[in-house]
Amino acid sequence: MRRVFSGVQPTGDLHLGNYLGAIRNFVDLQEEYECLYCVVDLHAITVWQDPIKLAANTREVAASFLASGIDPKNSIMFNQSQVPAHAELSWILSCVSRIGWLNRMTQFKDKAGKNRENASVGLYVYPNLMAADILAYKASHVPVGEDQKQHLELTRDIATKFNNDFSVEFFPVVEPLILGEATRVMSLRDGKAKMSKSDPSDNSRINLTDGTDEIVQKIRKARTDPDVLPGPEVLIEGDLKTEDQNKRPEAFNLLSIYSALSRQSLEETLKQFQGMQFSSFKDELADLSIAKLAPIGEEMQRLMADPGYVDNILQEGAIRANNIAQPILKEVHQIIGFLGK
Ligand code: TYM
């Protein structure tokens, strides 16, 4: 079976990285797969969230899905807390997953920082919940940005161990779908740091709700270097050479963003702008960003002003998601030996 599952956390400030690494690909996959797209509110509370903001941010993510082109009649979109199978399977998978595996998760180390003793237990077992999200639907494919790769490898390990422990061929081994020319969009202020919701500088990212002026300003202020733009000689078999990437991370970040937004290869972008000054390239990038992103931002604002409409879509999605997950969970119970109907 070909079923897609993916999730986005409702933690505020959705940005260009979320769009190019994930949401735009969600839209593209709708034709070919049965798709479930989830606003992962259970994941969000692994760090404290203001309840009013959590509700607003949940609607914001749902609005971004709709505004980007997800068709809720076709794809299933819902918020995670409304389908009990996620939390329930997460417990079961926490008994399959190993402490040693979780100890290797780099995102936990990054997020917990130096104060690890004081991080929530939920933050530590976060990847088990992510495995449960995917496996509750026996999803075969998971579109994500590059930063989620390690979590998906863990999902594969958990699925394989479950199958081995109970001598079954039950859970699929999921395939990550890391698609497009911008699978890891970097900060506009520092080409070595990921574009992120948690960066204190708003100038480091383009938010999906930014207006035309903000987009132009942020791109103008984006960090660059004094050289002119490079040409295709920096590629080897279509991929950027690591030494060039390391020398000019900001330049290649902007070029990758341009490629992804225009849906052309990095090679074509390099040929197009070879030898150009950054100031002229930035004008082109700002125009393209506005053309692609401003309509999404406007539609998001319109949808967020109509919470009843968005809430209904999420509710209907939860019913459909539940109908898929419940029978799968029932089979899990039987495999494990839980009594019950
Ligand atoms: P989250 O909410 O941090 O991000 C949502 C999606 O956006 C991608 N992304 C990026 N892609 C490219 N460049 C960036 N700078 C960038 N920043 C974020 C992420 O890779 C992700 O695809 N743990 C997940 C949510 C999740 C999930 C799941 C995903 C929960 N359960 C099951 C897939 C399947 C997360 O925190 O994503």
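Keep in mind that this is a model prediction, so the values were computed, not measured.

*Asks:* Help me out: how do you make sense of the environment of Ser-201 in this one?
*Replies:* In this fold, Ser-201 is placed in the loop between β5 (175–177) and α9 (212–221). Its relative accessible area of 28% is what places Ser-201 among the partly exposed residues. Between the alpha carbons of Ser-201 and Arg-189 there is a distance of 8.5 Å; along the sequence they are twelve residues apart.

*Asks:* Hey, could you run me through the side chain of Arg-24 in this one?
*Replies:* Examined against the element boundaries, Arg-24 turns out to sit in helix α1 (residues 16–29). No salt bridge is formed by the buried Arg-24; the nearest opposite charge belongs to Asp-28, separated by 4.7 Å. At 2.7 Å, the side chain of Arg-24 forms a polar contact with the backbone oxygen of Ala-260.

*Asks:* Explain the site of the ligand here, please?
*Replies:* By nearness alone, 27 residues border the ligand, and Gln-9, Tyr-126, Asp-133, Asp-147 and Val-185 come closest of all. Residue Val-185 places a main-chain N or O atom 2.8 Å away from a nitrogen atom belonging to the ligand. One of the backbone N or O atoms of Met-195 is found 3.0 Å from a nitrogen atom in the ligand. Contact with the protein chains hides 97% of the accessible area of the ligand, taken as 710 Å² for the molecule alone. Counting residues per element, the ones that place at least two in the shell around the ligand are β1 (3–8), α1 and α7 (121–135). Here the shell around the ligand is built from residues that sort into eleven nonpolar, eleven polar and five charged.

*Asks:* Help me out: how do you make sense of unusual backbone geometry in this one?
*Replies:* Only a minority of non-glycine residues have a phi that is not negative, and only a minority of peptide bonds are not trans. Here Asp-13, not a glycine, exhibits a phi torsion of approximately 55°, which is positive. One can find Asp-13 in the loop between β1 and α1. Under the relative-accessibility criterion, Asp-13 is labelled partly exposed at 34%. With a phi angle near 50°, Glu-237 is a residue other than glycine that sits in the positive phi range. A relative accessible area of 83% places Glu-237 in the exposed class.

*Asks:* Honestly, the packing of aromatic side chains in this entry has me stumped. Any pointers?
*Replies:* Ring pairs (aromatic) are described by centroid distance and by the angle formed between their planes. Per the counting criterion, the structure on display carries 13 aromatic pairs. Relative to Tyr-137, the ring of Phe-5 has its centre 5.5 Å away and its plane inclined at 15°; by these criteria the two rings are stacked. A residue pair is termed long-range when its members are at least 10 positions apart, and Phe-5 in strand β1 and Tyr-137 in the loop between α7 and β4 (141–143) qualify at 132 residues. On the basis of relative accessibility, which here comes to 0%, the residue Tyr-137 falls in the buried class. Ring centres of Tyr-258 and Phe-273 lie 4.8 Å apart, and the angle between their planes is 85°; this geometry places the pair in the edge-to-face category. Here the residue Tyr-258 occupies a position in helix α11 (residues 249–262), and Phe-273 occupies one in helix α12 (residues 266–273), the gap between them amounting to 15 residues. Residue classification places Tyr-258 among the buried residues on the basis of a relative accessible area of 7%.

*Asks:* Which parts of the structure should I look at to understand the domain arrangement of the protein?
*Replies:* Assigned domains within the protein: domain 1 (3–182 + 306–336) and domain 2 (202–303). Across the boundary between the two partners, domain 1 contributes 20 residues, which contact 20 residues of domain 2. Roughly 1,700 Å² is buried in total at the junction of domain 1 and domain 2, and carbon and sulfur atoms are behind 66% of that figure. Considering only the surface of domain 1 that becomes buried against domain 2, Leu-16, Arg-24 and Glu-181 emerge as the three largest contributors, covering 33% of it. Two residues, Asp-28 and Arg-263, come together in a salt bridge whose shortest N-O distance is 3.2 Å. Seen at the junction of domain 1 and domain 2, the total is five residue pairs in polar contact (both at pLDDT 80 or more).

Conventions used here
Residues numbered from 1 in each chain as written. Predicted model: local features only at pLDDT ≥ 70, side-chain atom pairs only at ≥ 80, totals over all residues. Heavy atoms only, no water. Helix = DSSP H or I, 4+ residues; strand = E, 2+ residues; numbered from the N terminus. Buried < 20%, exposed > 50% of the residue type's maximum accessible area, 1.4 Å probe, protein only. Lys, Arg positive; Asp, Glu negative; His and termini not counted. Salt bridge = Lys/Arg side-chain N within 4 Å of Asp/Glu carboxyl O. Polar contact = N/O pair within 3.5 Å; in protein donor to acceptor, adjacent residues only side chain to side chain. Near = heavy atom within 4 Å. Areas by Shrake-Rupley, 256 points an atom, 1.4 Å probe, with all protein chains shown as cover. Nonpolar A, V, L, I, M, F, W, Y, C, P; charged D, E, K, R; others polar. Phe/Tyr/Trp six-rings, centres within 6.5 Å; stacked < 30°, edge-to-face > 60°. Domains from an automatic or database assignment. Contact = heavy atoms within 4.5 Å. Buried area = accessible area lost by both parts, 1.4 Å probe.

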